[in-house]
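Spelled out from the first residue to the last, the chains are:
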Amino acid sequence: MFLDKIIQKRKQAASGYDAKTEDDVETIKKRVLTGFWNKVQWVICISLACFHLYVAGVGKINQINVMTTHLAGILALIYLVYPATPKSNPKRPTPLDVVLALAAFCATLYVGVFNVKITKQFGIPTQTDLIMGAICILCVLEAGRRVLGKALPLIGIIFILYARLGNFVPGIFHHGGYDFKNIIKALYISTEGIFGTPIDTSSSYVILFILFGAIMAEIGMAQLLNNVSLAVAGKRVGGPAKCSAVASALMGTISGSTTANVATTGVMVIPLMKSVGYSAEYAGAVTTVSSAGGQIMPPVMGAAAFLMATFLGVPYSEIVIAAVIPAILYYLCIWVEVHLRAQNKGLKTLTNADIPSLKLTLKQYGHMALPLFILLYLLCIRSMSAIYSAWIAIVCAIPISFLRKESRLSLKRLLIALRTGVMSVISVCCACACAGIVVGMINLTGFAVVFTNNIFSLSHGFLFLSLVLSMVASIILGMGLPTTACYIVTAMTLAPALVQMGVLPLAAHFFCFYFAIMSSVTPPVAVASFVSAGISGGDPVKTGYTGFRLAAGGFILPFMIVYKPELLMSGSPLLIAYSLVMCILGIFALAASSEGYFMGKINIFCRILLGISCIGLLVLDWRGDIICAPLVIIIFLRQYFQQRKQRAAQAVSAS
C-alpha cells in the first residue's frame, strides 16, 4: 500500500545515518543480560508493572508499601543491569552486584514490612532501623552514581555532611549540627526523606503514565504522530523543520522525555531536513529544541509536572490546563523561526511522494489516538484523578489496539511494553530517591528558609533580578542533574523565594519547571544535542549552540508566565485573550530579530528595535504594550510594503 511504501522509504533514508537512540546511549552503561539473569530482569519488570496496575485500579494498599515495593524493585534492577565500572561483565551481574541488589531490596522493603512497628516507636529508631537505614541510603547513592552519574549523589553527600557538620559552617548557613542517628531517621523512617514526595509521585503517577506511553508506542502511536505531522506541515515552507516541531509536540502528549522524543522523531525528520538544504547542525538543533518542548506538552508532560501538582496541592488536571497556552507559544516560536529561515535561505519543500495521505493515515492508524482522547476526557472534563485516569486509559488501549491488525497488541507485545515502561522509569525513580536525600537534609537543617531570605536580600527586593538569579541557578543545577531532580531542588529553594516576592505560586513553580527543562538544551552540557547530532552526523557542540539560539523563546517564556500569569488560564477570558495576542506579536518580533528576516531582509537598526520590543511585549505589562506593539507593527508594515514594491518592480521588468 502507498502508506507502507512511504514508511519503508523513510526507514531506508534514515538507515544511512548513525542513529543513536536514548537506549543506544545508555547501552554504553547498561548490561544486556542473558540466560538466567535475563529471566530475572523480566520477572522483576513484569511483576512491578502488574503491581502498580493492580494498585491503581483495584488494590487498596498502604502508600508506604507502594513506595517501598516500587523503590526496592527499581534498586534491584539497577544493580543487576547497571555495572559498577565500564570493565564489569557486560552480560551478567558480579557477585557484589547480586549482594548489593539483595541488600538494597531488603533494606528498602524493611520500612514497608515493619511500618506498624516503626509507627508505634513514635519516631525513635532502633539499632536495626539505623543499620537498615544506613544500608538503604548508601545503596540509593550508589545506584544514583551508576544510573545518573556523580553529580546528584555528590550533592546528596554534600547535604548530608552539611547536616552533620553544620556547626562548623560559618556565616548565615551555620546551624547546630545533627548526629548520624538523626540524619538516618530523617532520611529513612520519616516522610520527608527518601520515602517522601518525590518517590511517592514516582510510584503513583509517573510509573502509570510511562507505562501508558510504552503501550501507546508499542501499538504504533509514534507512526501515527509522525505521519500526521508530515501530512499537516510537509508541503509548507520549511516543511521538514515544521514537521519536527509538530511531531515532537504530538510525541510530547505521550512521552515526557526529551532524549526519547529526539530519538523517536529525529530518525524521520532529520534526514528530511537535510534533504531540502538544512545543515546537519541546524536540523539537529531544531529536533532538540522541539523535543525539549515535549516535556511541557499536555497531558503527560515531564515527571516533574506530577511533582508540581503534589507540591502545590492541586489536581494534576489543573497543571495540564495551565500548561496549554505556554506550550502553544513555545512551539509557535519554533514554527516562526524555521519558517523565516526557510524563506530567507530559499529552501525547498517536500514533494508529494514524501508526504503520506492524511486520510489514509487516519483510516489505518487513527484509532490509536482514542486512548489519548480518553485520558484527556477523564482528566480535564470529568476531573478524575490522574492515577485512575491513566489506569483507565491503559485498560482501554489494549482492546482498542485490536481494531486493526497493524496495532494488535498480542500478549508478547504487551509484556514487552510493560518491561519497556518499567525500565524507562528507572532513571526517574533513581533521581527521585536521590533528590529525597537532598530534600530531607534541606528540611532538617532549614536550609531552604535561609536560602530564600538571602535570594530576597541579594536581589534587593527587585523581582526581575530575583528571576535572573533563579534562572542562572536552575540552569547550572540542570547541567548536572536530570530535569526531575533539578525541579525538586529548585522547587524547595527558589520557588518559595519567588512566592515571597509576590509571584503566583503556580507561576513560580512553572518558572522553575521550565528552566529545569531548558537546561537540557543549554551548552555546554546539552545532552539532547548529542543525541540529535548522532542522528544528523553534525557537530554536537555547534548543534548545541544553534539549539540555544533557537530556544530563545523558551528562555523568555518563564518570565512571561511570571509577569503575565493569565497565560496559565488565570483571570478573565478577555485578559487571557489580550495577553495571548501581545505574546504572539512578541514571538514574531523575536523570531524576525533573531533571523534578520521578515518578508525580506531586516537592517541591523530594525533588528535591534524588534529585539527590544519583543521583551516589552513578552515581559512588561500594558504600558510596555502601548509603546512596543505599534513599533513592531510599523516595522512589519514597512517590510510588507517594501516587499510589495520589489515584486511590482520585478513584474514590470519581466514584462
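Residues numbered from 1 in each chain as written. Predicted model: local features only at pLDDT ≥ 70, side-chain atom pairs only at ≥ 80, totals over all residues. Heavy atoms only, no water.

Novice: Looking at this structure, I do not really get the overall build of the protein. What am I missing?
Specialist: Helices and strands together make up the secondary structure of the protein, namely 32 helices and zero strands. Out of the 655 residues belonging to the protein, those deemed buried represent 55%. In the form shown here, the protein has an accessible surface area of approximately 26600 Å², with 68% of it arising from carbon and sulfur atoms. (Helix = DSSP H or I, 4+ residues; strand = E, 2+ residues; numbered from the N terminus. Buried < 20%, exposed > 50% of the residue type's maximum accessible area, 1.4 Å probe, protein only. Areas by Shrake-Rupley, 256 points an atom, 1.4 Å probe, with all protein chains shown as cover.)

Novice: What am I meant to see in the side chain of Gln121 here?
Specialist: Checked against the element boundaries, Gln121 lands in the loop between helix H6 (115-120) and helix H7 (127-148). For Gln121, a relative accessible area of 16% translates into the label buried. In terms of polar contacts, Gln121 uses its side chain to reach the side chain of Lys117, at 2.5 Å. Setting aside residues no more than four positions away along its own chain, Gln121 makes contact with Thr126 and Asp129. (Polar contact = N/O pair within 3.5 Å; in protein donor to acceptor, adjacent residues only side chain to side chain. Contact = heavy atoms within 4.5 Å.)

Novice: So what exactly am I meant to see when it comes to unusual backbone geometry here?
Specialist: Across the chain, the bulk of peptide bonds are trans and the bulk of non-glycine residues have phi less than zero. Residue Met569 is not a glycine yet carries a positive backbone phi of 65 degrees. Mapped onto the elements of the fold, Met569 is located in the loop between helix H29 (552-563) and helix H30 (573-595). The residue Met599 is not glycine, and still its phi comes out positive at about 70 degrees. Tracing the backbone shows Met599 in the loop between H30 and helix H31 (604-619). Residue Met599 is classed as partly exposed on the basis of its relative accessible area of 32%.

Novice: Would you take a moment to explain a nonpolar patch on the surface for this structure?
Specialist: A contiguous nonpolar patch, built from Leu575, Tyr578, Trp622, Ile626 and Ile627 and spanning about 550 Å² of accessible area, is present on the exposed surface. For the nonpolar patch, the secondary structure elements donating two or more residues are H30 and helix H32 (622-654). Of the residues examined, Tyr578 reaches a relative accessible area of 35% and is grouped as partly exposed. (Patch = residues over 30% accessible without salt bridge, like charges linked within 9 Å, V, L, I, M, F, W, Y side chains within 5 Å. Salt bridge = Lys/Arg side-chain N within 4 Å of Asp/Glu carboxyl O.)

Novice: Explain the packing of H29 against H31 to me, please; I cannot follow it from the model alone.
Specialist: Pairs of packed helices are described in terms of their axes, by the angle between the two and the distance that separates them. Packing of H29 against H31 brings their axes to within 8 Å, and their N-to-C directions diverge by 45 degrees. Taken as axis vectors, H29 and H31 run oblique relative to one another. Counting all contacts with H29, which are made through Ile556, Phe559, Met560 and Tyr563, the residues of H31 involved are Ile615, Leu618 and Val619. (Axes fitted to C-alpha atoms, helices over the stretch in contact; angles between N-to-C directions. Parallel < 35°, antiparallel > 145°, perpendicular 65-115°, else oblique.)

Novice: When you look at the packing of aromatic side chains in this model, what are you seeing that I'm missing?
Specialist: Each pair of aromatic rings is reported with the distance of its centres and the angle of its planes. Applying the stated criterion to the full structure yields 25 aromatic pairs. Measuring from centroid to centroid gives 5.4 Å for Tyr330 and Tyr331, while their planes differ by 80 degrees, and the two rings are edge-to-face. Take Tyr331: its relative accessible area is 8%, and that puts it in the buried class. Relative to Phe555, the ring of Phe548 has its centre 5.1 Å away and its plane inclined at 65 degrees; by these criteria the two rings are edge-to-face. You can call Phe548 partly exposed: its relative accessible area is 37%. Judged by its relative accessible area of 12%, Phe555 is buried. An aromatic cluster is built from Phe464, Phe511, Phe515, Phe548, Phe555 and Phe559, whose rings are joined through pairwise contacts. Its guanidinium or amino end placed over the ring of Phe180, Arg164 lies 5.6 Å from that ring's centre, counting from NZ or CZ. Across the ring face of Trp42, the terminal group of Arg419 is positioned such that the distance to the ring centre comes to 5.2 Å. (Phe/Tyr/Trp six-rings, centres within 6.5 Å; stacked < 30°, edge-to-face > 60°. Lys NZ or Arg CZ within 6 Å of the ring centre and 35° of its normal.)

Novice: In this structure, what is going on with the packing of helix H10 (residues 197-218) against helix H22 (residues 426-445)? I would like to understand it.
Specialist: Taken N-terminus to C-terminus, the directions of H10 and H22 make an angle of 170 degrees; their axes are 9 Å apart at the nearest point. As summarised for this structure, H10 and H22 are arranged roughly antiparallel, according to the angle between their axes. Across the interface between the two elements, Pro198, Ile199, Ser202, Val206 and Ile210 of H10 pack against Val428, Cys429, Cys432 and Ala433 of H22.

Novice: Any chance you could explain the environment of Ile44 here in plain terms?
Specialist: Inspection of the secondary structure assignment puts Ile44 in helix H3 (residues 35-57). Taking the C-alpha atoms as reference points, Ile44 and Ile74, 30 residues apart in sequence, are found 8.6 Å from one another. For Ile44, the contacting residues outside a window of four places in its chain are Gly73, Ala76, Leu77 and Leu80.

Novice: Whenever I open this one, helix H15 (residues 303-312) confuses me. Can you help?
Specialist: Quick reminder: α-helices carry 3.6 residues per turn. Residues three or four places apart thus point the same way. Among the 10 residues that make up H15, seven are buried, leaving the element largely enclosed by the rest of the structure. Among the residues of H15, those classed as buried are Ala303, Ala304, Ala305, Phe306, Leu307, Met308 and Ala309. Directly after H15, the chain includes Gly313, whose backbone phi takes a positive value near 70 degrees.

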